Structure formats: C-alpha cells, structure tokens
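Residue-level listing of the chains:
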Amino acid sequence: MKHLIVLNSHAGKGEDLKVQIEEAFKGLDYQIFESTAPRSITKFLRDYFKKEKELTRVYACGGDGTLHEAVDGLVGVKNAELALYAAGTGNDFAKVYGGKDKFLDFKNLIKWEAKPIDLSLIEGPSLEEGWYSINVINFGFDAIVGAKGNENKIKGRANPYGFRQAIVPALLHGRFNKTTVYADGKDLNGKKLLLSSVAQGKFVGGEYQASPKSDNTDGLMDVIVVKTMSLFRLLIQLFGKYHDGKHLDDPKIRKWLYYARAKEVEIKAPEDIDICVDGEMIRGKEFKVTCLPGAIKFVVPEE
C-alpha cells in the first residue's frame, strides 16, 4: 500500500507536523502534497489517481474544509482509502467517531481498517459540478451565520468569536427563510423555515449537534427542518436543545420540527440562498441532494 498525505498549509504546527509525518511513515512508501489554493487538493487527487493504480491511503491533514476537498477528489476511485488527521478548528466530522483526539496519531491511522461509508451529492444549476458531502449540508439560519462569518473574515474582521458575533444580525434577518424542502418527493414544510440540515454526520459549527440520529452506513440521509418561530422561542426553548442534540427527543421542541430519512432531497427557493456544504459555502435557488451508499472507504477508529 502507498500512503499520500495531503496537507493544508495552515494545519497543525507546520514543521512540527511534518516531523511527525517523517517519524510515523519512516520505511513506508509515502508522499506529501501541500495545498496552494482553495480546491487544489481536489484537483491534485483527481490527477494523481488517473495514473496511480496501486491501493493508496490518503491522509487529509486539516479541518473539515480539507476533508471536504479530499472527498471531492476521491469519489469513484476504487483504489483509494481516506483517513483524517484532524488538525482543524471545528473538526465536525471527527465528532462522529468520538472527537479530534481520536484522529491525531498517524500510527493509528496507518493501522486502522477502512470501511465504506455513505456520502451525499448536491447538484444545482448554480454549480459547475456537483459537490460531495461527508458530513452535513445545512441552510437557513445557521448557513446565514456561516456566510456572514466568512464575510467578516474576508474583510479582515475575523476573531475567535467572529462566527458567534455573526449570530446577532442573523437573529434579526435570518429567521424567516422562503425555502421548501422535499424528502423523497414529500413536501416537508411548505414555504418557510428557520433552518434545515441534510446529514450524514452529526455536528455543524464546531459545537452544534444538528442531526444526532444520523448513521452514515444506513443508505439514507437524515433530513431535519425547523419551523419559523419567535425570537423568544428560538433563544429560550430551541437553542440549548439544538446545541446539545436533544431537539429530536424533546416533545415541546419536536412539534416545531419536521424529521425524515430520505434517499433524495430537493431544496427550492424563489431567490438565491446560502448553502453550507461541510463548512464550505455555495449559493443558488434550486438543489438536488442524493444519497450515495458506501461511496468512499474511510479509516475508522477501532472500538
């Protein structure tokens, strides 16, 4: 087996991480690729596997964005396995398997077994090509927060609390979203929603357990739509439960939710909306999301 480390240049502690790689992979056939621009990892992997036919384990070193780029580059590659070295900030997908600490030892990542897991494919007229999601596709209130947080980063106003500060304008302008969600053809919510997620994973935003019942091996996506509600109800009743992943089991909150499992989801809005795909932002009016069972082999921590 060959080993290919795709490295986000901002991951870990730079040279310290490379020293760990040299020690862990000593004596093995390995190669390092360091990203140079957004989506450069995706392009590199697609080009790499056009020529490489030997079984290769790819180690995505970085956060959810790095993992997302690696997934987009590996779908359909039969001789590739994907491992995660969780050196990002949020590390949402790592929480499916117990958190980032499970994914910070290259020696474990080398010896653990790779198992098939499901992905979601989101497509729409505004995208040149479909994007693959290993974690969560979310839109509505929390995607508006994400888009505003990214806008602050671009303008140089980012700080450790930048995304939390983006919640304030979203509370005022992002609670009544004209978006309809269809799960396997069924209209779940009518014409408005507060927020929604189409999930293989569980966490978004680094700490919010949006889809606590998701199972990325069942061949289905978990679809959750939260109805529009008053600011008081959002802050007092929903916010804490949604953060802790208790919203699906609380009778008072459940009546404000639509929950389904589906193979295909359609998202339709009269105007462009923000969609967050594993932490990366896209925009458009109409999207189709399809579940792809067992679409990638992921290195899973041993029990």
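Below, the structure is looked at part by part. (Residues numbered from 1 in each chain as written. Predicted model: local features only at pLDDT ≥ 70, side-chain atom pairs only at ≥ 80, totals over all residues. Heavy atoms only, no water.)

Observations concerning the overall build of the protein chain
For step 1, the next point in the chain: Along its length, the protein chain carries nine helices and 16 strands.
For step 2, the next point in the chain: Relative to a compact globule of 303 residues, whose C-alpha radius of gyration would be 19 Å, the protein chain shows 19 Å and is just as compact.
For step 3, the next point in the chain: Taking the principal axes of its C-alpha atoms as reference, the protein chain extends roughly 60 × 40 × 40 Å.
For step 4, the next point in the chain: Within the span of the protein chain, comprising 303 residues, buried residues form 52% of the whole.
For step 5, the next point in the chain: Put simply, of all contacts in the protein chain between residues at least 6 apart along the chain, 73% involve residues at least 24 apart.
For step 6, the next point in the chain: Per element, the accessible surface of the protein chain, about 14,500 Å² overall, is 51% carbon and sulfur.
For step 7, the next point in the chain: Mean positive and mean negative side-chain charge positions of the protein chain (44 and 42 charges, respectively) differ by 5 Å. (Helix = DSSP H or I, 4+ residues; strand = E, 2+ residues; numbered from the N terminus. Rg over C-alpha atoms; globule rule 2.2 N^0.38 Å. Buried < 20%, exposed > 50% of the residue type's maximum accessible area, 1.4 Å probe, protein only. Contact = heavy atoms within 4.5 Å. Areas by Shrake-Rupley, 256 points an atom, 1.4 Å probe, with all protein chains shown as cover. Lys, Arg positive; Asp, Glu negative; His and termini not counted. Charge placed at Lys NZ, Arg CZ, Asp CG, Glu CD.)

Remarks on the environment of Arg261
For step 1, the next point in the chain: Here Arg261 is to be found in strand β14 (residues 257-262).
For step 2, the next point in the chain: Along the primary structure Arg261 and Leu188 are separated by 73 residues, whereas in three dimensions their C-alpha atoms are 11 Å apart.
For step 3, the next point in the chain: Setting aside anything within four residues of it in sequence, one finds Arg261 in contact with Asp184, Lys213, Asp218, Leu220, Met221 and Asp222.
For step 4, the next point in the chain: In terms of polar contacts, Arg261 uses its side chain to reach the side chain of Tyr259, at 3.2 Å. (Polar contact = N/O pair within 3.5 Å; in protein donor to acceptor, adjacent residues only side chain to side chain.)

A few points about the environment of Asp105
For step 1, the next point in the chain: Looking at the secondary structure, you find Asp105 in the loop between β4 (80-86) and α4 (106-111).
For step 2, the next point in the chain: The exposure class of Asp105 is partly exposed, given its relative accessible area of 34%.
For step 3, the next point in the chain: Sequence-wise, Asp105 and Lys263 are 158 residues apart; in three dimensions their C-alpha atoms are separated by 35 Å.
For step 4, the next point in the chain: Only 2.9 Å separates the side chain of Asp105 from the backbone nitrogen of Lys107, close enough to count as a polar contact.

Observations concerning the packing of aromatic side chains
For step 1, the next point in the chain: If you walk through the whole model with that rule in mind, you get 14 aromatic pairs.
For step 2, the next point in the chain: With 5.2 Å between their ring centres and 80° between their planes, Phe93 and Phe298 make a pair best called edge-to-face. On the criterion of sequence distance, the pair formed by Phe93 in the loop between β4 and α4 and Phe298 in strand β16 (residues 280-299) is long-range, its members being 205 residues apart.
For step 3, the next point in the chain: Arranged with centres 5.8 Å apart and planes meeting at 70°, the rings of Tyr208 and Phe239 form a pair that is edge-to-face. Note that Tyr208 is positioned in strand β12 (residues 208-209) and Phe239 in helix α8 (residues 231-244), a separation of 31 residues in sequence.
For step 4, the next point in the chain: Ring pairs connect the aromatic residues Phe25, Tyr30, Tyr59, Tyr85 and Phe106, which therefore count as one cluster.
For step 5, the next point in the chain: Here the basic side chain of Arg39 rests over the ring of Trp131, its NZ or CZ set 4.6 Å away from the ring centre.
For step 6, the next point in the chain: Here the basic side chain of Lys268 rests over the ring of Tyr182, its NZ or CZ set 5.5 Å away from the ring centre. (Phe/Tyr/Trp six-rings, centres within 6.5 Å; stacked < 30°, edge-to-face > 60°. Lys NZ or Arg CZ within 6 Å of the ring centre and 35° of its normal.)

Some words on helix α3 (residues 64-74)
For step 1, the next point in the chain: Of all 11 residues in α3, 10 are buried, a share of seventy percent or more.
For step 2, the next point in the chain: Listing the buried residues of α3 in full gives Asp64, Thr66, Leu67, His68, Glu69, Ala70, Val71, Asp72, Gly73 and Leu74.

Some words on the pairing of strand β5 (residues 114-123)
For step 1, the next point in the chain: Summarising burial for β5: seven of the 10 residues are buried, a large majority.
For step 2, the next point in the chain: With nine bridges joining them, β5 and β16 adopt antiparallel strand pairing. Residue pairing for β16: Leu119 is matched across the bridge by Leu292.
For step 3, the next point in the chain: When β5 meets strand β6 (residues 131-133), the two strands line up antiparallel, connected through three bridges. Considered in β6, the bridge of Ile122 is made with Trp131. (Pairing = 2+ DSSP bridges.)

Observations concerning the pattern of salt bridges
For step 1, the next point in the chain: Here the structure, examined in full by the defined rule, presents 13 salt bridges.
For step 2, the next point in the chain: Across the pair Arg39 and Asp72 runs a salt bridge, and its minimum N-O distance is 2.5 Å. Residue Arg39 is found in the loop between β2 (30-34) and α2 (40-51), and its partner Asp72 is found in helix α3; the two are separated by 33 residues along the sequence.
For step 3, the next point in the chain: Note on Asp72: relative accessible area 2%, which makes it buried.
For step 4, the next point in the chain: With a shortest N-O distance of 2.8 Å, Glu81 and Arg57 are connected by a salt bridge. Separated by 24 residues along the polypeptide, Glu81 in strand β4 and Arg57 in strand β3 (residues 56-62) bring together distant segments of the chain.
For step 5, the next point in the chain: Residue Arg57 is classed as buried on the basis of its relative accessible area of 4%.
For step 6, the next point in the chain: Each of Lys43, Asp47 and Lys50 takes part in salt bridges that share partners, so that together they form one network. (Salt bridge = Lys/Arg side-chain N within 4 Å of Asp/Glu carboxyl O.)

Note that every value here comes from positions in space, so none of it alone points to a role or purpose.
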